[in-house]
Every structure is written in C-alpha cells, then in structure tokens.
Amino acid sequence: MVTVVAKLVHYLHLSRRSGQYTMNHDHSKKTPDGTSFDRSGSQDSLDELSMDDYWKEIENIHETRGNNHEERVALVMKEPDEGELEEEWLKEAGLSNLFVESSCDSVESVVFLSTLTRTQRAAVEKRVETVTQTMRKKNKHHQVPDVRDIFSLQNDSKGKVCDGNEPSTVRTNESKNEMQGGTKGPQFSLGTDEQKSPLEDMPASDTDINLEISFSEQAANFKDSSVGKICRGGGGDTLLPNFRVPKDKTGTTKIGDLAPQDMKKVYSLALIELTALYDILGTEFKQQKAVKIKTKDCGLFGVPLSVLLEQDQKKVPGTKIPLIFQKLIAQIEEATLETEGLLRIPGVATRVKSLCQELEAKFYEGTFNWENVKQHDAASLLKLFIRELPQPLLTVEYLKAFQDVQKLPTKKQQLQALNLLVLLLPEANRDTLKVLLEFLQRVIDHREKNKMTLKNVAMVMAPNLFTFHGFSSKTIEQSEFVMAAGTANVMRFMIQYQKLLWTIPKFIVNQVRKQNTESQKKEKKDKAMKKLLKKMAYDREKHEKQERTPNDADVPQGVIRVQAPHLSKVSMAIQLTEELKASDIVARFLSQKSGNVQTLKKEEVFLYEIGGNIGERCLDDDTYMKDLYQLNPNAEWVIKSKHS
C-alpha cells in the first residue's frame, strides 16, 4: 500500500522536473496561515529552494525508514476526559493541593498565588474553574471549593481581596515597616504594571527583549496598540531581527545558575506564564499526554535519554549528554565543517543501517572502528539518533506547543514563548538540545565553504525534530505538510537565538525571590516556630559572644564579607561601590596566596549569592554587587567552583 509520504515523494519528483514546489496545484506560494509567501533574496528567507531542502530531507527519512523493517511501536495519544488536562496542568504547576480539604492551611499555595501577575492569575483561574465544574458534575454531593474562595486565600493576611482588574502580586512598596527594625525591604519587580505602565518601562529599541516585565503582561498591554504591530511574525516577513537582552546590573541568570529548589519554582512559574501568554494571544495551549509504552532498556538508538544517561554515567560519572551523541558530533567535526552540503547530503542508507547495527554491538565495548565512518554517514547517524528517540527530544508534552510558536503574532512573542518552553524541558532533553544547537551554529559559521546557511540548516533539521515516528500518521501529516514552513521557522529561531533561550527572565527570578521571602514571613507567624526561632537566636547569640574573634566582628554598613570555605580559611571584607562587579571580587580573591588559591584559574571559580530571598545563585561576571546587595541584603557571599 502506498503511504502518504511515498505519495509526497513521488509528487516532489514531478514538481522539481516542472519547476513547481507547491503542495497543491495553485501556483501562488502560501504560508501555513494562508498569507501570501514573499520570496526574498535574503540569506535568511524561506524561498522555494530552501523548502525543497525540507522535502528532500523528508524523502531521505522515508528512504531510511523503508530500509528498516523492524516494527515500531507507535505512541498512543490518550484522549483526555473533561477537565483532565486542566487537572494535570494544575498538578504540573504545583497547585494540585488547591482541591484538598486542608488547602486553606497550605503555606506554599498561599505564597505561590500571592506572587502571580494579573495575567498569570487569570490563566490559573481559568483552569481552576474548569476543574471545579467537572468535579461538581462528578461529585454532586461533595463540597467543592469555589474558585473565588481559592484566590481569596492569598489576601487573608492583607485583609483585602484583589479584584480582576488588579495584579494579584503583593505590592512591594505597601509596607515600609515589614522588615526588622522598621527598615524598608528590598524592592521586587514582579512583571506587573504596579507603578507605571509597561509601555513606559519598555526599552527604547524594538529589538531589546524586556526580561523585567512578564511576557503575558506585555502582550496584554500591547495587544491593541500600534506597538503590538511591530516585528510581526507573518509568513512573508522572514528576516530575523537582531534581538538582544540589555545588561542587568543585578546580573543575568542562566539555566544552571540556580539551586534545584529554586528551579522547581521556575518550572511552575514558566508553565503558568507560557499558558497566560498563549491565552492572551488566542492560541490554544494543551499539553499532550502519551500512554506509556514499553521501550528498550539498553543500547544506543531508540533508547530513552534517561536510560542512555544512566548507562553512560557508569562509564563517565557526571556526564549530562549521551556519549554516542557527543561522539557523533565529534566525528563530524573531526573531518571539517567546510564540507559542502554537510547535514543536507545524506549518507548511503544501507551503509548507515549497517553502521547503526555495528555501533549497537561494539560502541560500549570500545571496539568500534570510527575510521570506517564517513562524514555524511556520521551526520545521518546523528539525525537518526534524534528521530529514533522513543519520545521526541522536545517531549511529547510540549512538541505541539513548540510547533504552535509560529502562530504567535510577533517575532518577539515567538522568542518569548520559546524561552519559556526551553525552561519547561526536562534537564536531559534541554542539555542535549543545547549541545545540538551549538553544533548547528558551528556548521553555519562555515557557510561560505559548506553552503549551509541558517535557512538551509533549519530546513534540514526541522523534519528530524518535529516529525516524530511514534505519533499517528495524522499527526505526521499535519506537521510535515501543513506546518512545514512553520516548524522550519521555529528551528531557525532556536538556532539563531539559542543564547537568549537559556536565560531565565528576571521577572521569574524576582517571583522566586518573593516566594522565598513570603514563605519565611509566614513561617515566622506560626507561634510554635516563633518560640523555636527565638530560642535558637538566643543560643546562637550567646555562643557567638563567647567564641567571637576580631575577624568575626559585625560587618560595617556598605561592606560585605566574602567566604571561600572550600578553598581558603581567610574571608574578605569588601567595601561596596557603584562600580564593583562580581568579577572584581573573584579577581581580588585569586590574588591572595593562602590555601588552595594559588592552584586555581579564574574560569574555575565563581561568586555565589546564597540565602536571603534566593536558594543559591551563581553570579555572572558583570553583576553589580551594590545593586544586588540592595535586592538581597540578607544573603551570604561565597566563592567556590561550579560543581563543589
């Protein structure tokens, strides 16, 4: 029986001979949203030739699969019951306990809800309302909490209920005497229009990415304004703007800089923020759910990332990227990245299949002869590895959300959505994707020789990331035929803006800080905890008076004490100035001649912000310490290596 893909391949051969590239018999070029497709002479435009690269890659994939007669188990996409998706969403967002009888006593939920922006709160309310209605239908005689009751919890301590027109975040300037001693606490911007309109806060340049204000709040304010019409993401406008993140005096936070307990909060906030953004822009956001299937528990190809890493870590402790994935990239680069048609020209299908089988048998034994692997074969094996994963590299849950990014109105919003989606990926998927994107950029850097521009690489790689063999043929048909140009555009974005995608937006970091601060306040209000804290404080003060040395004396105002317990017995008192950066403190520490300092290199040690309103955060070199100290005055400052 002739498959859908086979029909496509046959049609493409005919199309190329006649000079036609459209999927129907209309000679006009159409984008997925139905708008007219504008052919541009730009290197980064998606013209007919580059679309031909996409369909040629589909043909190569089909040929490879045709030579593999092994049975593949398709992922069965479970059709969710009414309210099931929303209930799962609340669970993923860390809000499943809203429907537990003891939810009124849940400190975490109250604190979490208190830090949400107006648009984030609306997204949560929408899901809570759906689940509430479903529960009432199923449990007619069971008392189900009203959505208004749930959201009034966050206002109990303030004695005020936020209405739908007010941001639900706790005002940071409303109580000047909340901190001990009546001093004003650190000010957090939680991404709302609390004090002035985000339009006033937006950077002057349209290509600047504002990370201080919630993306969904920006979208809500720009939706009907002329500003919202700039840099639109329609099919004809295919030039990629030179987006950048303006420097932040308190430092840029990258994925990997925060402690695990804070990253859990980041995940929940990113999910809610992404949902709010999609809601505001009128794009449906639904996490897909696949029924669990039996997968291979050993080997290389067709093995879950988690299983691969588990067996790889037995050989190389601490590795975060599958060894076979690393080796295939190294093999491609070992020859040269200047090879014309690299990634586009496929290896010989029969030889690739043979190499695949030989790798399965010999890779972990160390007996595989890599000298026999030609560069194009290695590139084909790399793409095969990605396609053969039991679940997509972009995950079953979020693959459709990645695809739908191209439906968002502006390129800036598309980039914002991708940033949030990367934050939602499991660590193994995210780390592997990062290595892949960095490799693809290195290929593009040699475009003068290899003729592989950004558009070419995106066209070739998109089918490998977005067409997943485990889904039903209907899903493949939609993603390959209808969304071809769209997924290629998303692929271009991920490659072009990869450095921005691994940045944690400041408004999310500030929400994490606010959660930590509010949690500490609520814990202190508990009488039993107060007594315990009082006793501990008394005992500690008594002990410090007995044991205090001159070096441990109270630190003067405007001075911080920097410790390096794993590296040196000596601590440093640092006077804060307007221009003092984290890199200056690290350099001053390295200039010492005590402890293990003499053997260290600058790139091996970092300054960390620990405690106060954050769990732990690795600071980038350009962090201005006085600004950060004002944001988190109760933090400790520690110098250590990244993995100590």
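Above: the structure in question.
Here is what the cut-offs are and how they apply
- Residues numbered from 1 in each chain as written.
- Predicted model: local features only at pLDDT ≥ 70, side-chain atom pairs only at ≥ 80, totals over all residues.
- Heavy atoms only, no water.
- Helix = DSSP H or I, 4+ residues; strand = E, 2+ residues; numbered from the N terminus.
- Buried < 20%, exposed > 50% of the residue type's maximum accessible area, 1.4 Å probe, protein only.
- Contact = heavy atoms within 4.5 Å.
- Areas by Shrake-Rupley, 256 points an atom, 1.4 Å probe, with all protein chains shown as cover.
- Salt bridge = Lys/Arg side-chain N within 4 Å of Asp/Glu carboxyl O.
- Expected span 1.5 Å × (residues − 1).
- Bend = angle between axes of the 7 residues up to and from the residue.
- Phe/Tyr/Trp six-rings, centres within 6.5 Å; stacked < 30°, edge-to-face > 60°.

Novice: So what about the overall build of the protein? Which residues, and what values?
Specialist: For the protein, the count of helices and strands is 25 helices and five strands. In the protein, which comprises 644 residues, the proportion classed as buried is 50%. A sequence separation of at least 24 residues applies to 77% of the contacts in the protein between residues at least 6 apart. As displayed, the protein has an accessible area near 31,800 Å², and 50% of this comes from carbon and sulfur atoms.

Novice: Hey, could you go over the pattern of salt bridges for me, with residue numbers and the actual values?
Specialist: A full pass over the atoms with the stated rule returns 24 salt bridges. Its salt-bridge partner being K320, residue E427 comes within 3.6 Å of it at the nearest N-O pair. Of the two residues, E427 is situated in helix 16 (residues 427-444) and K320 in the loop between helix 10 (305-315) and helix 11 (323-335); the sequence distance between them amounts to 107 residues. Linking K362 and E358 is a salt bridge whose minimum nitrogen-to-oxygen distance equals 3.4 Å. Taken as a pair, K362 and E358 lie in helix 12 (residues 349-362) at a separation of four residues, close to a single helical turn.

Novice: Describe helix 18 (residues 454-466), with residues and values.
Specialist: For helix 18, which comprises 13 residues, the first-to-last C-alpha distance of 17 Å matches the rise-based estimate of 18 Å (1.5 Å per residue) to within 8%. Along helix 18, the sharpest change in direction is near 30° and occurs at V460; proline P463 comes one to four residues later. Counting buried positions along helix 18 yields 13 of 13 residues, so the element is predominantly enclosed.

Novice: Explain the side chain of T119 residue by residue, including any values.
Specialist: Considering the arrangement of structural elements, one finds T119 in helix 5 (residues 118-138). If near-sequence neighbours (up to four positions away) are discounted, T119 is found in contact with S214, S216, E217, A220, A276 and I280.

Novice: Help me get a handle on unusual backbone geometry, residues and values and all.
Specialist: The backbone phi angle of L343 is positive, close to 80°, even though this residue is not glycine. Mapped onto the elements of the fold, L343 is located in the loop between helix 11 and helix 12. Positive phi, close to 65°, is recorded for K451, a residue that is not glycine. Of note, K451 is situated in the loop between helix 17 (447-450) and helix 18. Residue classification places K451 among the partly exposed positions, given a relative accessible area of 45%.

Novice: How would you explain the environment of G611 if you had to name every residue and give the values?
Specialist: The topology assignment puts G611 in strand 3 (residues 605-611). Taking the relative accessible area as the measure of exposure, G611 reaches 21% and is therefore partly exposed. Residues G611 and W637, 26 residues apart in the sequence, show an inter-C-alpha distance of 9.0 Å.

Novice: Tell me about the packing of aromatic side chains, residues and numbers included.
Specialist: Under the criterion given, the structure shown has nine aromatic pairs. For the pair F243 and Y497, a centre-to-centre distance of 5.4 Å together with 55° between the ring planes defines the contact as tilted. Of this pair, F243 sits in the loop between helix 8 (215-222) and helix 9 (260-280) while Y497 sits in the loop between helix 20 (484-496) and helix 21 (498-501), placing them 254 residues apart in sequence. Across the pair, Y497 and F243 agree in class, each one buried. Ring centres of F301 and F385 lie 6.3 Å apart, and the angle between their planes is 75°; on these two criteria the pair is classed as edge-to-face.

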